[in-house]
Amino acid sequence: MKVGWSGSTVEARELGSGPAVVLLHGYPLDGAMWSGVARLLSESFRVIKPDLPGRGDTPAPAAPGIEGYADFVEAILAELPSGAGLAGFSMGGYVALAVAKRRPPNLAALALVDTKAAADTDAGRRGRDESIAVAREKGVEAIADAMLPKLLSAAALANRDTVERVRRIMLRQPKDTIAADLAAMRDRPDSTSFLSEIRMPARVIVGAEDAIAPPEEGRAMADAIAGADCIVIPGAGHLAPVERPRAVATSLQEFFARTLSAGGAAGPA
Ligand code: MLT
């Protein structure tokens, strides 16, 4: 689909037909991390998996930070019919929460995948600054080397195809975008108190071995959102959508089939 963004027209990759579901990728990745899940979901939905600003063909946001990324997602939602679903993975989940806070009229259901509502701790913020320095001084390869063991479970790390695929996605991200993502995550607000204000159907999905956004955190998020549930994906690390695409797609399929319908569904946030 075409999206007006930053004075130009951007192509956001889409596949399938039916109620629209937008999938937001994490750091330091792009929309391709969703490929396996998107293929499966597209049997029932119109799936849009954009590259967030600063990568692919999407120009960087005028306003830096998670809010700048949320501006882009809002521009996508504005092009979609009512009753759209949004699923955000990790950093994409931070963006999805920022979008949900704006209460876009056609957003009808929210999936939070391997993500957190809490802001960074002081130590976490210092770690972001260190990673920004690594990106600038040593380049994207050093970031990819540091991220792989955090993103993948031990089993996935032993799978050469998976490792190569994730590495390939990371290595094509511009250095400035990596730095912008890190600053955006460092500066994001705490959204914990917002969870109880969410008035749309919501589901939390988390890899059982996620070391970045652990299952306890996912369960606590689901407990704080009225009516939400938490699905734990066995045998998956942080990058559950890449490691266990079928399990994640099944969980999203079941959730969005229940909460979205063609041409409009549940009311706004
Ligand atoms: C991500 O997977 O998007 C990031 O690792 C999340 C984070 O570092 O907070």
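Reading the values: the criteria
- Residues numbered from 1 in each chain as written.
- Predicted model: local features only at pLDDT ≥ 70, side-chain atom pairs only at ≥ 80, totals over all residues.
- Heavy atoms only, no water.
- Near = heavy atom within 4 Å.
- Polar contact = N/O pair within 3.5 Å; in protein donor to acceptor, adjacent residues only side chain to side chain.
- Areas by Shrake-Rupley, 256 points an atom, 1.4 Å probe, with all protein chains shown as cover.
- 1 Å grid on protein atoms, 1.4 Å probe; cavity = no way out; pocket = protein on both sides within 12 Å on 5 of 7 lines; lining within 4 Å.
- Sits in = over half its atoms within 2 Å of the grid points.
- Nonpolar A, V, L, I, M, F, W, Y, C, P; charged D, E, K, R; others polar.
- Core = buried A, V, L, I, M, F, W, Y, C linked by side-chain atoms within 4.5 Å.
- Buried < 20%, exposed > 50% of the residue type's maximum accessible area, 1.4 Å probe, protein only.
- Contact = heavy atoms within 4.5 Å.
- Points joined across faces, edges and corners; volume = space filled by probe spheres on them.
- Helix = DSSP H or I, 4+ residues; strand = E, 2+ residues; numbered from the N terminus.
- Phe/Tyr/Trp six-rings, centres within 6.5 Å; stacked < 30°, edge-to-face > 60°.
- Axes fitted to C-alpha atoms, helices over the stretch in contact; angles between N-to-C directions.
- Parallel < 35°, antiparallel > 145°, perpendicular 65-115°, else oblique.
- Left-handed = near helix turned anticlockwise from the far one by under 90°.

A.B. asks: How should the site of the ligand be read in this particular structure?
C.D. replies: In the vicinity of the ligand, the contacting residues are G26, Y27, F89, S90, M91, Y94, R128, M147, M185, I212 and H238. Take R128: an N or O atom from its side chain is 2.8 Å from an oxygen atom of the ligand. Protein chains shield 96% of the accessible area of the ligand, which is 270 Å² for the free molecule. Judged by the proximity of its atoms to the pocket grid, the ligand belongs to the largest pocket. Considering only residue class, the shell around the ligand consists of 7 nonpolar, 3 polar and 1 charged.

A.B. asks: Would you mind going over the nonpolar core with me for this structure?
C.D. replies: The nonpolar side chains of a soluble globular protein tend to be buried, and buried together. One finds L252 and F256 to be the most contacted residues of the largest nonpolar core, which totals 93 residues. Each residue touching L252, except ones within four places of it in the same chain, is listed here: L23, W34, V37, L41, A87, A111 and I205.

A.B. asks: Got a minute to help me understand empty space enclosed by the protein in this structure?
C.D. replies: Any space left empty among the atoms is revealed by the rolling of a water-sized probe across them. Applying the stated criterion across every chain, the model contains 1 cavity of 30 Å³ or more. Of the volumes computed, that of the largest cavity is approximately 70 Å³. As for the largest cavity, its lining consists of I66, E67, Y94, L97, A98, K101, K116, A117, R188, P189 and S191. Looking at the lining of the largest cavity, the elements with two or more residues in it are α2 (66-78) and α3 (91-101). If you tally residues by element for the lining of the largest cavity, the top one is α3, at 4 residues. For the lining of the largest cavity, the class distribution of residues is 6 nonpolar, 1 polar and 4 charged.

A.B. asks: Mind showing me how you'd approach the packing of aromatic side chains here?
C.D. replies: Each aromatic ring pair is specified by the distance between its two centres and by the angle formed by the two planes. The full count for this structure, using the stated rule, is 3 aromatic pairs. Aromatic pair F45 and F256: ring centres 6.3 Å apart, planes at 75°, arrangement edge-to-face. Taken together, the residues span a long stretch of sequence, with F45 in the loop between α1 (35-41) and β5 (46-48) and F256 in helix α11 (residues 245-259) at a distance of 211 residues. The exposure class of F45 is buried, given its relative accessible area of 2%.

A.B. asks: Whenever I open this one, the packing of helix α5 (residues 140-151) against helix α7 (residues 160-171) confuses me. Can you help?
C.D. replies: For any two helices packed against each other, one specifies the crossing angle of their axes together with the interaxial distance. Where α5 contacts α7, the axes come no closer than 10 Å and their chain directions differ by 140°. In terms of orientation, α5 and α7 fall into the oblique class. Note that α5 runs across α7; the crossing there is right-handed. Residue-level inspection shows V140, E141, A144, D145, M147, L148 and L151 of α5 in contact with α7, the latter providing V163, V166, R167, M170 and L171. Of the residues that constitute the contact of α5 with α7, the class distribution is 9 nonpolar, no polar and 3 charged.

Function-wise, these values are silent; they only describe arrangement.
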